[in-house]
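Summary of the model geometry
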Amino acid sequence: MARKGLSSQTLVLIVISIAINMIAGQLVSMLKLPIFLDSIGTLLSAVLAGPIIGMLTGLLTNIIWGLLTDPMAAAFAPVAMVIGLVAGLLARIGWFRSLPKVIASGVVITLAVTVIAVPIRTYLFGGVTGSGADFLVAYVHSMGNDLIESVAMTVLGANLVDKILTAIIVWLLVRNMPQRTLRSFPAMAAVR
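For clarity, every value in this text was computed on a predicted model and none was experimentally measured.

**A look at a nonpolar patch on the surface**
Together, Leu99, Ile103, Val107, Leu111, Leu156 and Leu160 make up an exposed nonpolar region whose accessible area comes to about 430 Å². Looking at the nonpolar patch, the elements with two or more residues in it are helix H6 (99–124) and helix H8 (147–175). Take the nonpolar patch: its biggest share by element is four residues, from H6. You can see valine 107 is positioned in helix H6.

Written as structure tokens, this is what we have:
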């Protein structure tokens, strides 16, 4: 990547992926669902173009989203970058080749996200971010758990469903892309 720069196909992929992230994320946010679906584009770019492009897509999504509509999104840029990195690495080692491996990828991504997201959500925002998961944090906290435990359980639970669903969506998208499109991404991990 450093030697040749970004191809026009990769730049278009990043732009489309950012749009997918923001549209899906905004829709879920407006509906106050306890999941996010704001990383479909990040996973897509990570699987097609590798972990660095996945990280870049996640970073740019959250920065742009933070500047345009939701300043809180910018604070979660490290989370989005980890999603792209881990998804890209898992795709490279073949974890997007079959449905069981895709589900396992969603679990691994969730664990990585939890490590990064819990401190951000807890210490920067007191557990409240305006998402549908806030209700779950409040509920778990009211059951006698301290705030960090409440946030951790909520982040783990919500992201487990979200990242597995996101990984399956991306796997299905890539499996159904025309071969001509897939040939535009020589760094693409084997998915079929």
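**What about the UniProt feature "transmembrane region" (unreviewed entry) in the chain?**
Mapped onto this numbering, the UniProt entry annotates "transmembrane region" (unreviewed entry) at residues 12–31, 43–68, 74–95, 102–120 and 151–174. As a span, residues 43–68 carries 96% helix and 0% strand, and end to end its C-alpha atoms are 22 Å apart.

**Digging into helix H3 (residues 51–68)**
Taking 1.5 Å as the rise per residue, H3 with 18 residues should run 26 Å; its terminal C-alpha atoms sit 26 Å apart, in good agreement. Every buried residue of H3 is accounted for by Pro51, Ile53, Gly54, Thr57, Gly58, Thr61, Asn62, Trp65 and Gly66. Here the buried face of H3 lies against helix H1 (8–31), helix H2 (40–49), helix H4 (71–75) and helix H5 (77–92).

**Examining the pattern of salt bridges**
Opposite charge on two side chains permits pairing when their charged atoms draw close. Counted by the stated rule, this structure contains two salt bridges. Of the charged contacts, one joins arginine 121 and aspartate 134 as a salt bridge, the two residues approaching to 2.4 Å between their closest N and O atoms. Linking arginine 121 in helix H6 with aspartate 134 in helix H7 (residues 133–142), this pair joins segments that are 13 residues apart in sequence. Residue arginine 121 shares its accessibility class with aspartate 134, and that shared class is buried.

**Digging into the side chain of lysine 163**
Tracing the backbone through its elements, the reader meets lysine 163 in helix H8. Of the residues examined, lysine 163 reaches a relative accessible area of 2% and is grouped as buried. Not counting chain neighbours up to four residues away, the residues in contact with lysine 163 comprise Phe36, Ser39, Ile83, Gly106, Ile109, Thr110 and Val113.

**Details of the side chain of threonine 114**
Mapped onto the elements, threonine 114 comes out in helix H6. By relative accessible area, which is 14% here, threonine 114 ends up buried. From its side chain, threonine 114 meets the backbone oxygen of threonine 110 in a polar contact 2.8 Å long. If near-sequence neighbours (up to four positions away) are discounted, threonine 114 is found in contact with Pro119, Ala152, Val155 and Leu156.

The rules behind these values
Residues numbered from 1 in each chain as written. Predicted model: local features only at pLDDT ≥ 70, side-chain atom pairs only at ≥ 80, totals over all residues. Heavy atoms only, no water. Patch = residues over 30% accessible without salt bridge, like charges linked within 9 Å, V, L, I, M, F, W, Y side chains within 5 Å. Areas by Shrake-Rupley, 256 points an atom, 1.4 Å probe, with all protein chains shown as cover. Salt bridge = Lys/Arg side-chain N within 4 Å of Asp/Glu carboxyl O. Helix = DSSP H or I, 4+ residues; strand = E, 2+ residues; numbered from the N terminus. UniProt positions renumbered as here; feature names shortened; annotations may be inferred. Expected span 1.5 Å × (residues − 1). Buried < 20%, exposed > 50% of the residue type's maximum accessible area, 1.4 Å probe, protein only. Contact = heavy atoms within 4.5 Å. Polar contact = N/O pair within 3.5 Å; in protein donor to acceptor, adjacent residues only side chain to side chain.

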